[in-house]
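# Understanding the architecture of this molecule
Listed below are the residues making up each chain.
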Amino acid sequence: MLIDDERAAAAPATAPPAAAAASVLGAAAAPAQRVQAVLDVDLPGPRINRHLYGHFAEHLGHCVYGGFWVGEDSEVPNEAGIRLDVVEALRALDIPNLRWPGGCFADTYHWRDGVGPREQRPTMVNSHWGDVVEDNSFGTHEFMALCELLGAAPYVSANVGSGTVREAAEWIEYLTRADDSPMARLRRANGRDEPWSVPFWGLGNEPWGCGGGMGAAAYAELARQFGTYSLDHGDNHLYRIAAGAADADYRWTEVLMQNLGRYLGAGPVSGHGTNTYQAISFHHYTITGPTWDEKGSATGFDTDEYYRTMLKARGVERIIAGHANVMDAYDPDKRVGLVLDEWGTWFDVEPGTNPGFLFQQNTVRDALVAAVHFDAFHRHADRLVMANIAQTVNVLQAVLLTDGDTLVLTPTYHVFAMNKGHQDATSLPLTVRGAAPSRRAGEEELTTFSASASTKDGQVLVSLSNLDAEAPLEVALHVRGGTVTAPHARVLTADHVSAHNTATSTPVAVRDLDEVHLRDGVLTATLPAHSFATVTFATVTFATGD
Ligand code: AHR
């Protein structure tokens, strides 16, 4: 178990820092902005894969230890060591998948150290994250039990950087093989008879950096080698995800696509050496500080910094499109998936906390970063098949914060909750008509309205963000191709963009948005400054010729 740290000194509850207060407060005084948009409910786009709402848990700080895992002897209510408040909160999001054990940690992890009786498991040094001693008390069986409790699909990242092909091959045999094979026998000896289902299999992590310092071509060869020996056992079909680019390194994606060659989009074929990889990932964090050592405070920022953060967050769409364009050139039928398996804000750690634990608070700003990411994901759902927020609990843009037996739902959590109806829904085109409102962000112009929509089971879900820090936004949504009935809107906001939730104060909460009206197929809503809203309504599309 990791040693408890100084996290108690985390940021104060809600008061904005003095510098921010002057510019961010006073929102009510600014005159409302206006935007017009068109939603075509009879023009279905691609399905929004539920795995775009995926999660990520690394052995880093208090994500696993203290976040998911408290151990069987803990006073925190748990099932076999897994904390139940966290499970309940994530089940409420319909969490589709969980990526583990890293991140950079994955390429230092040797899975055999984390199976068998806990008291006999060897320890190791978590060299990337705080240089702390990892006791391996949370290992394969604990992770799979967690996924079962969550109802989430496991996404296991194999160690390519410092592990062997044999080690990876044996891990997947251990996890998924039913018969009397050596690894299946070992699993049974460790208390699990039935194999598990493991759909998602990562081939390393950030191989250009912490995952081995490789060039793209060297990694592509290695990914094919690891992929080849990561077999499908029985009914388990692996979706192998090759580790991809940092941000806009499209060349990396191109090299991986070229190396798929004759394997392009080939389905996994067990035991015949034709397995390789079916998807390519990339990572993109929202980092705005001038240098790596000055990423800025998660809670203490002024309006300029806020707008620059939003500009950076909106930039994810250009990067998704860039990777997708490269992939289209090699794979026009879109058989290879694009996976953004790490995204989110990355600020300076909270003062007084371990710099290696990446603990940061989470404000309305983070919620809006999440909202614009999801809009971009929905628009690129034809190629982007999975995304994983970094990270689920207590690390970076966490959806949950724990401290002892307390649990805090962050503003980002609420965006996942309000948006969950988009999972496995059909995307719908939503386009701005005329000029969209904007604000200056550094040298550039930031469009302050973001939106997306989908339909499922006769219901339409529209997500709307007003990124303006000061002014409300009147949205007029012209719904075409169907009737609208019974609109219901909810909004997430607080008095200022730096507001955040703690164990004793929850100023960032969801409430009904009353300022919504329907007239002649036009929905109008007034979004408060710096807010995220969802509108749901029933729809009947017009038959052709109506
Ligand atoms: O999420 C934290 C770290 O960020 C991950 O371990 C690594 O993959 C990335 O650089």
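So, a few notes on the structure that sits alongside this text. (Residues numbered from 1 in each chain as written. Predicted model: local features only at pLDDT ≥ 70, side-chain atom pairs only at ≥ 80, totals over all residues. Heavy atoms only, no water.)

Here we come to empty space enclosed by the protein. Following the criterion strictly, the structure yields two cavities of 30 Å³ or more and no others. There is about 60 Å³ of room inside the largest cavity. No other element matches the three residues that strand S26 (residues 522–527) contributes to the lining of the largest cavity. Here the residues of the lining of the largest cavity are counted per class, giving seven nonpolar, one polar and no charged. Lining the second largest cavity are Tyr 109, Trp 111, Asn 159, Gly 163, Thr 164, Glu 167, Ala 168 and Trp 171. Looking at the lining of the second largest cavity residue by residue, the classes come out as four nonpolar, three polar and one charged. (1 Å grid on protein atoms, 1.4 Å probe; cavity = no way out; pocket = protein on both sides within 12 Å on 5 of 7 lines; lining within 4 Å. Points joined across faces, edges and corners; volume = space filled by probe spheres on them. Helix = DSSP H or I, 4+ residues; strand = E, 2+ residues; numbered from the N terminus. Nonpolar A, V, L, I, M, F, W, Y, C, P; charged D, E, K, R; others polar.)

Most of strand S8 (residues 153–158) is tucked away, with six of its six residues classed as buried. Of the two faces of S8, the one carrying Ala 153, Tyr 155 and Ser 157 and the one carrying Pro 154, Val 156 and Ala 158 are both buried. Two strands pair when backbone bridges link them, and S8 and strand S9 (residues 200–203) are joined in this way by four bridges, in the parallel orientation. Within S9, the residue paired with Val 156 across the bridge is Trp 201. (Buried < 20%, exposed > 50% of the residue type's maximum accessible area, 1.4 Å probe, protein only. Pairing = 2+ DSSP bridges.)

What follows covers the packing of helix H8 (residues 303–314) against helix H9 (residues 316–330). Their axes nearest at 4 Å, the elements H8 and H9 cross at an angle of 15 degrees. Taken together, the axis directions place H8 and H9 in an arrangement best described as roughly parallel. Contact residues: H8 offers Lys 312, Ala 313 and Arg 314, while H9 offers Val 316, Glu 317 and Arg 318. Within the contact of H8 with H9, the residues separate by chemical class into two nonpolar, no polar and four charged. (Axes fitted to C-alpha atoms, helices over the stretch in contact; angles between N-to-C directions. Parallel < 35°, antiparallel > 145°, perpendicular 65-115°, else oblique. Contact = heavy atoms within 4.5 Å.)

Turning to the site of the ligand, a few remarks are in order. Close contacts around the ligand come from 14 residues, with Glu 58, Cys 104, Glu 206, Tyr 285 and Glu 342 the closest. Within the side chain of Glu 206, one N or O atom sits 2.8 Å away from an oxygen atom of the ligand. Taken by itself the ligand offers 280 Å² of open surface, and the protein chains cover 94% of this. Each residue belonging to the shell around the ligand can be placed in one class, and the counts come to seven nonpolar, four polar and three charged. (Near = heavy atom within 4 Å. Polar contact = N/O pair within 3.5 Å; in protein donor to acceptor, adjacent residues only side chain to side chain. Areas by Shrake-Rupley, 256 points an atom, 1.4 Å probe, with all protein chains shown as cover.)

It is worth spelling out the packing of helix H7 (residues 250–260) against H9 at this point. In the contact formed by H7 and H9, the axes pass within 9 Å of each other and the chain directions differ by 25 degrees. On the basis of their axis angle, the class for H7 and H9 is roughly parallel. Where H7 crosses over H9, the two elements pack in a sense that is right-handed. Judged by residue contacts, Tyr 250, Thr 253, Glu 254, Met 257 and Gln 258 of H7 engage Arg 318, Ile 319, Gly 322, His 323, Val 326, Met 327 and Tyr 330 from H9. (Left-handed = near helix turned anticlockwise from the far one by under 90°.)

Below, the discussion takes up unusual backbone geometry. Backbone geometry follows two general trends: most residues other than glycine have a negative phi, and most peptide bonds adopt the trans configuration. Cis geometry marks the peptide bond from Trp 100 to Pro 101; its omega dihedral reads 5 degrees. If you trace the backbone, Pro 101 turns up in the loop between strand S5 (97–100) and strand S6 (124–126). Going from Gly 102 to Gly 103, the amide bond is cis rather than trans, its omega being 15 degrees. Tracing the backbone through its elements, the reader meets Gly 103 in the loop between S5 and S6. Phi at Asp 424 is positive, roughly 65 degrees, even though this residue is not glycine. By secondary structure assignment, the location of Asp 424 is in the loop between helix H11 (411–418) and strand S16 (426–428).

As enumerated under the stated definition, the model contains 27 salt bridges in all. Note that Glu 342 and Arg 99 form a salt bridge whose closest N and O atoms lie 2.9 Å from each other. Of this pair, Glu 342 sits in strand S12 (residues 337–345) while Arg 99 sits in strand S5; the two residues are 243 residues apart in sequence, bridging distant segments of the chain. Overall, the relative accessible area of 1% leaves Arg 99 in the buried class. Three or more residues joined by partner-sharing salt bridges are found here, namely Asp 328, Asp 331, Lys 334, Arg 335, Asp 382 and Arg 383. (Salt bridge = Lys/Arg side-chain N within 4 Å of Asp/Glu carboxyl O.)

Turning next to the state of the cysteines. According to the stated counting rule, one finds one disulfide in the structure shown. Here Cys 63 is not cross-linked by a disulfide; its sulfur's nearest cysteine counterpart is in Cys 147, at 12 Å. Taking relative accessible area as the criterion, Cys 63 reaches 0% and is therefore assigned buried. Relative accessible area serves as the criterion here: at 3%, Cys 147 is assigned to the buried category. (Disulfide = S-S within 2.5 Å.)

Turning next to the pairing of S9. The alternating pattern of S9 places Phe 200 and Gly 202 on one face and Trp 201 and Leu 203 on the opposite face, and all of these are buried. Sheet analysis places S9 next to strand S10 (residues 239–246), joined by four bridges and oriented parallel. If you follow Trp 201 over to S10, its bridge partner there is Arg 240. The handedness of the S9 to S10 crossover, carried by helix H6 (residues 216–229), is right-handed. (Right-handed = clockwise from strand over helix to strand, strands pointing away.)

What follows is about the layout of surface pockets. When its volume is computed, the largest pocket comes out at roughly 390 Å³. A per-element tally of the lining of the largest pocket places strand S11 (residues 279–286) first, with three residues. Among the residues forming the lining of the largest pocket, the class breakdown is 14 nonpolar, five polar and five charged.

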